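Now for the letters of each chain:
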Amino acid sequence: MRFAPGLAPLRHRDFALYWSGLTVSQIGDWMETTTTAWLLYEITGSPLLLGLWGGIRAAAIVGFGLVGGAVADRFPRRTLLLITQSGFALTSLALFAFVATGTVTAVHIYVASAVASTLVAFDAPARRSMYPTLVPRSQLQNATTMNAAVFRVSRLAGPALAGVIIATLGPAASYLVNAVSSVAIIVALALMRARPVVARVRARLVAEMADGVRYTLRTPPLGQLLALETGHALFSANTALVTIFAKDVLGVGPERLGLLLAGMGGGALLATAAMIAVGDVDRKGRWMLIGGWIYAVAYAAVALSRSFELTLGALTIMGAADAYWSTMRTTIFQIRADDAYRGRTLAVLSLVGRGFTQASQLVTGVLVAVAGAPAAALLGSVVIAGSLGAIDARDPRVRRFRGGPAPDAAGSAASESPAP
């Protein structure tokens, strides 16, 4: 069978094992997330207490994000992932026991979520840092795209499966299924061939965290991409803004709101499928900027639209552009970062992306309260377009970026010299 260019990473045994295990595991994770939201609201009946659950998860990830990145650069990443994934399974089993015995409380859910989110802070940088050791450098974009595909597909399939399981077997079964799904990634990690860790001078953990932040900010184009990530995370079209726009501007009900949100998700899936079909592109910096400009223009169209059909089309384009330029940003981070710093640079990227995305809900609330939803959307498009224009004008190295000259990481990790 002839592979699509974007599926080339599956030819590598370790990547195929890991990607398959991750797919199963992530579907289980989204099943549990959906079940927990439903169960917690059923227990408390309080939107505020449901929101507190999200706040606890965000606080754990933000609080331990830099620590997780530094740890990923100090210890074998496969070993670290075996620990975190085992921790996820045990957390799910604990919730299964509480729910199955009818003793679960909101406190149990909060504690379990805090533990799981803390594990995420260590798991995410270790997981993303492994890709250059699983595939050649020339296939990093394809590996990043396939990683994104896992999360987008699981975000659609997981909640749907959770609904069926809750209705037929009860919520306890979802936690048990997620615990079992973790076995897939644990087995995949166990079967992968060990990879050497880059040797380097080690300092205290806090000093290494600070060093990682400095490295990220001072290494072009990583610092510039981090600025783009900040503007995008704070001012992009989030669920809250789309919901307010649908109700107050378009005057539509929940059914059409669902279509608007599905349009964004569908656009992202289409773009991901197209990236897999096309495979690696050469001028990564240029195409990343083009994706950002398309996003900003479509965002402005949403702000000016008063038609449901036009808004749906613009949101679909936004979803596709968002998937494309976010994948390219992550790819450039993977290619440009030295392996000795990769865990920390990706932790900084995740910290900004996830942390500021949570803060964007507050930004949306303030802007809508002051100026209304259309003005908030228009301002968001202007901020994103402005950041793209400013960075492109100030540093043409972003636009010119194609990929570093370093050899394939999968075959050279053992030979890399220690970082200073």
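Just so you know, these numbers come straight off a predicted model, no measurement behind them.

Our next topic: the pattern of salt bridges. Between side chains of opposite charge, a pair can form as their charged atoms come close. One pass over the structure, following the stated rule, counts 13 salt bridges. Residues D73 and R77 are paired through a salt bridge, measuring 2.8 Å at the closest nitrogen-oxygen approach. Here the two residues D73 and R77 agree in accessibility, since each one is buried. Its salt-bridge partner being R344, residue D73 comes within 2.8 Å of it at the nearest N-O pair. Here D73 is found in the loop between helix 2 (47-72) and helix 3 (77-100), whereas its partner R344 is found in helix 14 (residues 342-371), with 271 residues between them in sequence. Taking relative accessible area as the criterion, D73 reaches 4% and is therefore assigned buried.

What follows deals with the packing of aromatic side chains. The final tally for this structure, using the stated rule, is six aromatic pairs. With a centroid separation of 6.4 Å and 40 degrees between ring planes, the pair formed by F64 and F122 is classed as tilted. Highlighted residues: F64 in helix 2 and F122 in helix 4 (residues 106-129), separated in sequence by 58 residues. Plain terms: the ring middles of Y295 and Y299 are 5.8 Å apart, the flat faces sit at 70 degrees to each other, and that makes the pair edge-to-face. A residue pair is termed a helical-turn pair when its members lie 3 or 4 positions apart in one helix, as Y295 and Y299 do in helix 12 (residues 284-304) at four residues. For the pair shown, Y295 and Y299 are each scored as buried. Of the aromatic side chains, those joined through ring pairs into one cluster are F15, Y18 and Y131. The ring of W53 has R57 lying over it, and the distance from NZ or CZ to the ring centre is 4.5 Å. Seen from the ring of W325, R329 lies directly overhead, with NZ or CZ sitting 4.4 Å from the centre.

So, about the nonpolar core. Y18, Y131, L134, M288, Y295, Y299 and M318 are the most contacted members of the largest nonpolar core, which totals 77 residues. Excluding its chain neighbours within four sequence positions, the residues that come into contact with M318 are A237, Y295, A298, Y299 and V302. L39, L40, V99 and A172 belong to the second-largest nonpolar core, a separate cluster that totals 12 residues.

Here we take up the environment of V206. Looking at the secondary structure, you find V206 in helix 8 (residues 205-218). With 136 residues separating them along the chain, V206 and A70 place their C-alpha atoms 8.5 Å apart.

Rules behind the numbers
- Residues numbered from 1 in each chain as written.
- Predicted model: local features only at pLDDT ≥ 70, side-chain atom pairs only at ≥ 80, totals over all residues.
- Heavy atoms only, no water.
- Salt bridge = Lys/Arg side-chain N within 4 Å of Asp/Glu carboxyl O.
- Buried < 20%, exposed > 50% of the residue type's maximum accessible area, 1.4 Å probe, protein only.
- Helix = DSSP H or I, 4+ residues; strand = E, 2+ residues; numbered from the N terminus.
- Phe/Tyr/Trp six-rings, centres within 6.5 Å; stacked < 30°, edge-to-face > 60°.
- Lys NZ or Arg CZ within 6 Å of the ring centre and 35° of its normal.
- Core = buried A, V, L, I, M, F, W, Y, C linked by side-chain atoms within 4.5 Å.
- Contact = heavy atoms within 4.5 Å.

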